[in-house]
Amino acid sequence: MLLYYPEINWSYQFTRCLASDFKPYCLFIIIEIIRKFTFMNTNVTTNKSTSATKSSGRVKPQKLADIILGQLETMIIEGSLLPGEKLLPERELALQFEVSRPSLREAIQKLEAKGLVTRKQGGGTFVCNNLLSGFSDPLFELMSNNNESQFDLLEFRHGIEGMASYYAAMRGTPADFEQIQAKHNEIGTSQLEDDFRKEAEAVVEFHLAICAASHNAVILQLARSMSSLLADNIAQNLTVLAKRPDIFSKITDYRKRLLDAILSGQPQKAWGASHRHLAFIEEVLLKSTQENSRMERSMRRM
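Residues numbered from 1 in each chain as written. Predicted model: local features only at pLDDT ≥ 70, side-chain atom pairs only at ≥ 80, totals over all residues. Heavy atoms only, no water.

## Overview of helix H12 (residues 245–263)
Step number 1: Across its 19 residues, H12 extends 28 Å between first and last C-alpha, which sits within 8% of the 27 Å expected from 1.5 Å per residue.
Step number 2: Those residues of H12 that sit buried are Ile247, Ile251, Arg255, Leu258, Leu259, Ala261 and Ile262. For H12, the angular spread of the buried residues around the axis is 165°, confining them to a single face.
Step number 3: Immediately downstream of H12, the backbone of Gly265 shows phi near 70°, a positive value. (Helix = DSSP H or I, 4+ residues; strand = E, 2+ residues; numbered from the N terminus. Expected span 1.5 Å × (residues − 1). Buried < 20%, exposed > 50% of the residue type's maximum accessible area, 1.4 Å probe, protein only. Arc of directions from axis to C-beta.)

Here it is as structure tokens:
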């Protein structure tokens with residue numbers, strides 16, 4: 001966004017947002033400032049590299065295997081190749097990249113050396129499953145069973161889902177939107193089974209589709225790395241909200257507004273819809289927690 005609106009005083013906006021209560025917006029400003037300086041530093045590095053090349057008068061050609069390696073790494077980062085996914089057979093992959101099999105084989109060996117893929121004897125090559133192990137399972141379990149962490153996760157979702165929705169509405173392709181719509185429909189299907197865990201997983205898949213449509217690799221991979229924890233959080237929230245059946249129709253309505261804002265390509269509206277959706281859930285959960293606390297105090301007095 002900074003690249004499109006360079007005239008905006010982002011230092012002033014950052015100072016202003018620190019004084020506000022809208023934390024997701026503050027996080028957005030911080031990220032945009034980082035993007036700005038990353039872009040500037042990239043330009044400086046590129047200019048230096050270009051100058052050095054001109055002064056030496058020689059350009060070292062890049063090995064074909066390294067080019068293939070870079071393309072495969074990009075596919076993993078962008079989510080085209082998922083953890084645990086099997087790569088195409090060597091012959092088919094060589095045809096897809098239009099390269100020789102020895103060059104492809106060398107690239108895959110380098111991927112394996114980096115711990116990005118693993119090869120099974122006679123079974124093919126797979127993207128490593130442990131790529132998303134940013135948090136240990138014990139920490140996941142600890143946070144899943146901590147009441148305060150549930151609200152921390154909601155705050156985290158305010159930031160990441162708001163940004164993802166904003167960029168999905170801005171950058172999403174027709175194929176992205178089709179996938180988001182399909183995942184949204186699956187939520188309705190899962191609700192028919194009356195299984196909170198399945199519904200929670202469907203909700204997570206819906207938001208992961210939005211993250212993929214943002215075309216921001218960091219947002220996507222961070223969301224994927226926490227998907228199991230987020231599914232636990234959402235399942236617990238659904239269990240609490242089940243005591244208030246009237247709430248579910250309102251949540252469905254908020255989610256539909258989010259979907260419509262993204263599919264219609266309205267970034268600001270999508271960000272706002274995401275914020276209002278999660279703010280509503282947080283408000284209901286806080287009221288429920290307060291009511292439970294009052295009941296517990298009443299029981300102790302009896």
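Back to the text.
## Focus: the environment of Leu81
Step number 1: With respect to the element layout, Leu81 can be found in the loop between helix H3 (64–78) and helix H4 (90–97).
Step number 2: Since its relative accessible area comes to 9%, Leu81 is described here as buried.
Step number 3: Taking the C-alpha atoms as reference, Leu81 lies 7.2 Å from Val127; in sequence the two are 46 residues apart.
Step number 4: Ignoring any residue separated from it by four or fewer positions in sequence, one finds Leu81 in contact with Leu72, Met75, Ile76, Leu87 and Val127. (Contact = heavy atoms within 4.5 Å.)

## A short note on the side chain of Lys183
Step number 1: Looking at the secondary structure, you find Lys183 in helix H8 (residues 174–191).
Step number 2: Lys183 gets classed as buried once you look at its relative accessible area, which sits at 16%.
Step number 3: Setting aside anything within four residues of it in sequence, one finds Lys183 in contact with Ala202, Glu205, Phe206 and Ala209.

## Points about helix H11 (residues 227–241)
The α-helix winds at 3.6 residues per turn, so residues separated by three or four positions along the chain end up facing the same way.
Step number 1: Along its 15 residues, H11 runs 21 Å from first to last C-alpha, staying within 8% of the 21 Å computed at 1.5 Å per residue.
Step number 2: Residues Leu229, Leu230, Ala231, Asn233, Ile234, Ala235, Asn237, Leu238 and Leu241 constitute the buried set of H11.

## Structural notes on the packing of aromatic side chains
Step number 1: Scanning all chains against the criterion turns up 3 aromatic pairs.
Step number 2: Aromatic pair Tyr166 and Tyr167: ring centres 5.3 Å apart, planes at 85°, arrangement edge-to-face. Comparing Tyr166 with Tyr167 shows no difference in burial state: the two are buried.
Step number 3: Plain terms: the ring middles of Tyr166 and Trp271 are 5.9 Å apart, the flat faces sit at 85° to each other, and that makes the pair edge-to-face. With Tyr166 in helix H7 (residues 147–171) and Trp271 in helix H13 (residues 267–301), this pair connects stretches of sequence that are 105 residues apart.
Step number 4: A residue is classified by how much of its surface remains accessible, and Tyr166, at 4% relative accessible area, is buried.
Step number 5: A connected cluster of aromatic rings, assembled from ring pairs, spans Tyr166, Tyr167 and Trp271.
Step number 6: Against the face of Phe126 rests Lys120, its NZ or CZ located 4.5 Å from the ring centre. (Phe/Tyr/Trp six-rings, centres within 6.5 Å; stacked < 30°, edge-to-face > 60°. Lys NZ or Arg CZ within 6 Å of the ring centre and 35° of its normal.)

## Things to note about the pattern of salt bridges
Step number 1: On inspection of all chains with the given rule, the structure shows 16 salt bridges.
Step number 2: As a salt-bridge pair, Arg197 and Glu201 come within 3.2 Å of each other at their nearest N and O atoms. Taken together, the positions of Arg197 and Glu201, both in helix H9 (residues 196–213) and 4 residues apart, correspond to about one turn of that helix.
Step number 3: Take Arg197: its relative accessible area is 32%, and that puts it in the partly exposed class.
Step number 4: Assessed through its relative accessible area of 38%, Glu201 is described here as partly exposed.
Step number 5: Several salt bridges converge on common partners, so that one network encompasses Lys63, Asp66, Glu106 and Lys110. (Salt bridge = Lys/Arg side-chain N within 4 Å of Asp/Glu carboxyl O.)

## Considerations on the nonpolar core
Step number 1: In terms of nonpolar packing, the biggest core is built from 38 residues, with Ile180, Phe206, Ile210, Ile219 and Ile262 touching the most fellow members.
Step number 2: Of all the elements in the fold, those that place two or more residues in this core are H7, H8, H9, helix H10 (217–225), H11, H12 and H13.
Step number 3: The residues touching Ile219, leaving out its near neighbours within four places in the chain, are Ile160, Met163, Ala164, Tyr167, Cys211 and Ser214.
Step number 4: Grouped together as the second largest cluster of nonpolar side chains are 17 residues, Leu93, Val99, Ala107 and Leu116 included. (Core = buried A, V, L, I, M, F, W, Y, C linked by side-chain atoms within 4.5 Å.)

## Some details on the environment of Leu208
Step number 1: One can find Leu208 in helix H9.
Step number 2: Separated by 12 residues in sequence, Leu208 and Leu220 place their C-alpha atoms 6.9 Å apart.
Step number 3: Beyond its immediate chain neighbours, meaning those up to four positions away, Leu208 contacts Leu220, Ala223, Arg224 and Ser227.

## Describing the pairing of strand E2 (residues 124–127)
Step number 1: Bridge count between strand E1 (residues 117–120) and E2: 4 bridges; the pairing is antiparallel. What sits directly across from Arg119, in E2, is Thr125.
Step number 2: Connecting E1 to the next strand, E2, in antiparallel fashion are 3 residues, including Gly122 with a positive phi near 75°. (Pairing = 2+ DSSP bridges.)

## Some points on the side chain of Ser214
Step number 1: Its place among the elements puts Ser214 in the loop between H9 and H10.
Step number 2: Discounting residues that sit within four places of it in the chain, Ser214 has contacts with Ala164, Tyr167, Ala168, Arg171 and Ile219.

Nothing here speaks to function; it is all geometry.
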